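Here are the chains, one letter per residue:
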Amino acid sequence: MSTRKLVAAAVLLAFTVVLAFFLLRPPAPSPPATPPPPAAESIAPSATSPPPRARPDLLKDPARATILPRTADGFIEWTDSIAAAKSLNAPAQSAAEDLGIVRALLGDYHVVFHENPPGGENAEITRALLGDNPKKIRFLAPEKTLLDADGALLDRWGEPYFFHKLSRDTMDLRSAGADRRMFTPDDILDEAPGDRPPL
């Protein structure tokens, strides 16, 4: 066999060995994948997770800063509620509409605190709406609210509204009506929506 044929055979053999080495070797281990940081919203709620809040904490939203001004005495004014409350007992509206405004004030309180104001008496509930609450939020303006000597919120006939608390989330509202006597046929009643407990 000539030298030329031996060199060609050696080159072919070397090429075959190198090719087999690259084709048959196990793949190099890939670097371990770094898991992405867990996102707070990516975790699926379990059956025992608390329900998500219906609305974000509006007090921490910078866009609300102009809508929720802080007064010189340290209170935060919920301006939408205060504006609505200014029309309480207006001659152009009915007593039922007044009760609707009071219901809306309680609803705004519920948005922030996730429950009705504490207590069951008119004066206690009114104090909470006037800012006597953990976040010092006023839903009523003290100087523009019709109150009696005990601090109870008054209807258009100058009588205290009656608040009947059914639970931490539900409450019936009542005005004594034109006869100024509670629990008579001319009372104006705004019942809480939803299921009602038996009497």
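What you see is a predicted model; the values in this text were computed from it and never measured.

Q: So what's going on with the pattern of salt bridges? Residues and values would help.
A: Here the idea is simple: oppositely charged side chains can pair when their charged atoms come close. All chains considered together, the criterion is met by five salt bridges. Taking the shortest distance from any N to any O, the salt bridge between D190 and R103 comes out at 3.0 Å. With a gap of 87 residues between them, D190 in strand β5 (residues 188–190) and R103 in helix α3 (residues 95–113) connect regions that are remote in the sequence.

Q: How would you explain the side chain of S81 if you had to name every residue and give the values?
A: Along the chain, S81 turns up in helix α2 (residues 79–85). For S81, the contacting residues outside a window of four places in its chain are L105, D108 and F139.

Q: Any chance you could break down the sheet that holds strand β4 (residues 171–175) for me, citing the residues and the numbers?
A: Hydrogen bonds between backbone atoms are what pair the strands of a sheet, whose relative direction is either parallel or antiparallel. If you walk across this open sheet you meet the three strands as β3-β4-β5, and the pairing is antiparallel. Edge positions in the open sheet fall to β3 (162–165) and β5, since each of these has one partner strand only. Recorded for the sheet is a direction-independent mean angle of 15 degrees between the axes of neighbouring strands. Note that β4 and β5 share three bridges and pair antiparallel. Paired with S175 across the strands is I188, a residue of β5. Its contacts with the sheet put α3 on β3, β4 and β5, and the angle it makes with β4 is roughly 145 degrees.

Q: Give a description of the pairing of β4 that names residues and reports values.
A: Within β4, five of the five residues are buried, which leaves it mostly tucked inside the rest of the structure. A two-sided burial pattern is seen for β4, the buried positions comprising M171, L173 and S175 on one face and D172 and R174 on the other. Where β3 and β4 come together, four bridges link them in antiparallel fashion. Within β4, the position partnered with F163 by the bridge is L173. Counted along the chain from β3 to the antiparallel partner β4, the turn is five residues long.

Q: Provide a residue-level description of the nonpolar core, including the pertinent values.
A: In terms of nonpolar packing, the biggest core is built from 27 residues, with F139 and F163 touching the most fellow members. Looking at this core, the elements that each hand over two or more residues are α3, α4 (122–129) and β4. The element that contributes the greatest number of residues to this core is α3, accounting for nine residues.

Q: Explain α3 residue by residue, including any values.
A: Between its terminal C-alpha atoms α3 stretches 27 Å, which fits the 27 Å expected from 19 residues at 1.5 Å a residue. As for α3, its buried residues are in contact with α2, α4, β2 (137–138), β3, β4 and β5. Positive backbone phi, approximately 60 degrees, marks H114, located one or two places after α3.

Q: So what about the packing of α3 against α4? Which residues, and what values?
A: Between two packed helices, both the angle of their axes relative to each other and the distance between the axes serve to describe the pair. Look at α3 against α4: their axes get within 11 Å of each other, and the N-to-C directions meet at 60 degrees. With respect to α4, the axis of α3 lies oblique. Crossing of α3 against α4: the hand is left-handed. Residues L105, L106 and Y109 of α3 lie in contact with α4, whose contacting residues are I125, A128 and L129.

Q: Please provide a residue-by-residue account of the confidence of the model for the protein chain, values included.
A: A low pLDDT means the predicted coordinates there should not be read in detail. In this model, the protein chain carries a mean pLDDT of 79, and residues with pLDDT of at least 70 account for 70%. Taking the mean pLDDT of every element in the protein chain, the minimum, 71, falls on helix α1 (residues 3–24) and the maximum, 95, on α4. Low confidence marks residues 38–56, where pLDDT is under 50. Its contacts with residues over four positions away, or in another chain, come to two contacts. Overall, residues 195–199 carries pLDDT values under 50, and its contacts beyond four positions in sequence, including any with other chains, amount to three contacts.

Q: Run through unusual backbone geometry, naming residues and quoting values.
A: Of note, the phi angle at R180 is positive, near 60 degrees, even though the residue is not glycine. Of note in this structure, F183 is not a glycine but carries a positive phi near 65 degrees. When you line up the elements, F183 lands in the loop between β4 and β5.

Conventions adopted
Residues numbered from 1 in each chain as written. Predicted model: local features only at pLDDT ≥ 70, side-chain atom pairs only at ≥ 80, totals over all residues. Heavy atoms only, no water. Salt bridge = Lys/Arg side-chain N within 4 Å of Asp/Glu carboxyl O. Helix = DSSP H or I, 4+ residues; strand = E, 2+ residues; numbered from the N terminus. Contact = heavy atoms within 4.5 Å. Pairing = 2+ DSSP bridges. Axes fitted to C-alpha atoms, helices over the stretch in contact; angles between N-to-C directions. Buried < 20%, exposed > 50% of the residue type's maximum accessible area, 1.4 Å probe, protein only. Core = buried A, V, L, I, M, F, W, Y, C linked by side-chain atoms within 4.5 Å. Expected span 1.5 Å × (residues − 1). Parallel < 35°, antiparallel > 145°, perpendicular 65-115°, else oblique. Left-handed = near helix turned anticlockwise from the far one by under 90°. pLDDT = per-residue confidence, 0-100.

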